[in-house]
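# Observations on chain architecture
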Amino acid sequence: MRMRGEANGEYALRNGANASATTPSIGSRSMVKRAMDVIIAGSALIFLSPMMLIVALIIKLTDGGPALFKQKRIGLNGDEFTCLKFRSMVMNANEELERLLSSDADAAAEWAKDQKLRNDPRITAIGSFLRKTSLDELPQLLNVLQGTMSIVGPRPIVRGEVEKYGAFITDYASVRPGLTGLWQISGRNDTTYDERVSLDVEYARNWAIEKDVKIFLFTIPAVLFSKGAY
């Protein structure tokens, strides 16, 4: 896997990668990062809670199923945690996926490559909108408050994706997964899985508070223009 110095020409990561004598310790930087996570997530939940309640109600009224989707993901130190999202798929999504992959060779190959389907028949009408606008990920603000996620970091992966990281899984597991990160501002699903791993490793090895701020700011246009979201 080739490590990229720049994410699709949008965000250079290498600047300031080497620590100097004046660089704050990892411990102090981690404390600042955690404080920022709590402040941002708490403020966002207060501001966005009315909209989140409306979204949850719409999902519930659509098919009577639960508004939240809970899934085990891999987090800091390789520990599993329950990741929250607004449900964007049909109730029997797992069964539908198995049926599709067993009957459609092209879909099976696409899934094996990136764990994604560009035209996923399991996604509901409201779910498609939520994914394109990234609103489906808002419940993860609760994960941030719990300390299982951060505002900025690698996207949380499922157990089946660990093997795709190979030896680089130690880099992924060295930081908390994030609500946004280099992958989100670099094309998301328009990138290959190897590029995603590369971006995650670059972030984990070189993260800094100022870079987190830049990634957070770059996230705004990425979400507004739905770049690579499906």
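Everything that follows concerns the structure shown earlier in this document.
Everything numeric in this text was worked out from a predicted model, so none of it was measured.

Inspection of the entire model under this criterion finds 1 cavity of 30 Å³ or more. In this structure, the largest cavity spans a volume of roughly 80 Å³. Around the largest cavity, the lining is made up of 10 residues, and of these Asp114, Lys116, Trp183, Asn189 and Thr191 lie nearest the centre.

Now for the nonpolar core. By size, the foremost hydrophobic cluster in this structure holds 31 residues, and its most contacted members are Phe86, Leu138, Leu141, Ile151 and Tyr203. Those elements giving two or more residues to this core turn out to be helix H1 (26–63), strand E4 (80–86), helix H5 (140–146), strand E5 (150–152), helix H8 (193–206) and helix H9 (209–224). Looking at this core, the element that brings in the most residues is H1, giving 8 residues. Contact partners of Ile151, with chain neighbours within four places excluded, come to Asp37, Ile40, Ala41, Leu141, Val144, Gly178, Leu179, Thr180 and Phe216.

What follows deals with the pairing of E4. Counted residue by residue, E4 has 5 buried out of 7 residues, so it is predominantly covered. Judged from the 7 bridges that link them, strand E3 (residues 68–74) and E4 form a sheet pairing that is antiparallel. Across the sheet, Lys72 pairs through a bridge with Thr82, a residue of E4. Remark: 5 residues form the turn of the hairpin made by E3 and E4, two consecutive strands paired antiparallel; Asn77 in that turn has positive phi of roughly 65 degrees.

Over its 14 residues, H8 runs 20 Å from end to end, which matches the ideal 20 Å to within 8%, given 1.5 Å per residue. Counting buried positions along H8 gives 11 out of 14 residues, so the element sits mostly inside the fold. Listing the buried residues of H8 in full gives Tyr193, Arg196, Val197, Ser198, Leu199, Asp200, Val201, Glu202, Tyr203, Ala204 and Asn206.

Calculation rules
Residues numbered from 1 in each chain as written. Predicted model: local features only at pLDDT ≥ 70, side-chain atom pairs only at ≥ 80, totals over all residues. Heavy atoms only, no water. 1 Å grid on protein atoms, 1.4 Å probe; cavity = no way out; pocket = protein on both sides within 12 Å on 5 of 7 lines; lining within 4 Å. Points joined across faces, edges and corners; volume = space filled by probe spheres on them. Core = buried A, V, L, I, M, F, W, Y, C linked by side-chain atoms within 4.5 Å. Buried < 20%, exposed > 50% of the residue type's maximum accessible area, 1.4 Å probe, protein only. Helix = DSSP H or I, 4+ residues; strand = E, 2+ residues; numbered from the N terminus. Contact = heavy atoms within 4.5 Å. Pairing = 2+ DSSP bridges. Expected span 1.5 Å × (residues − 1).

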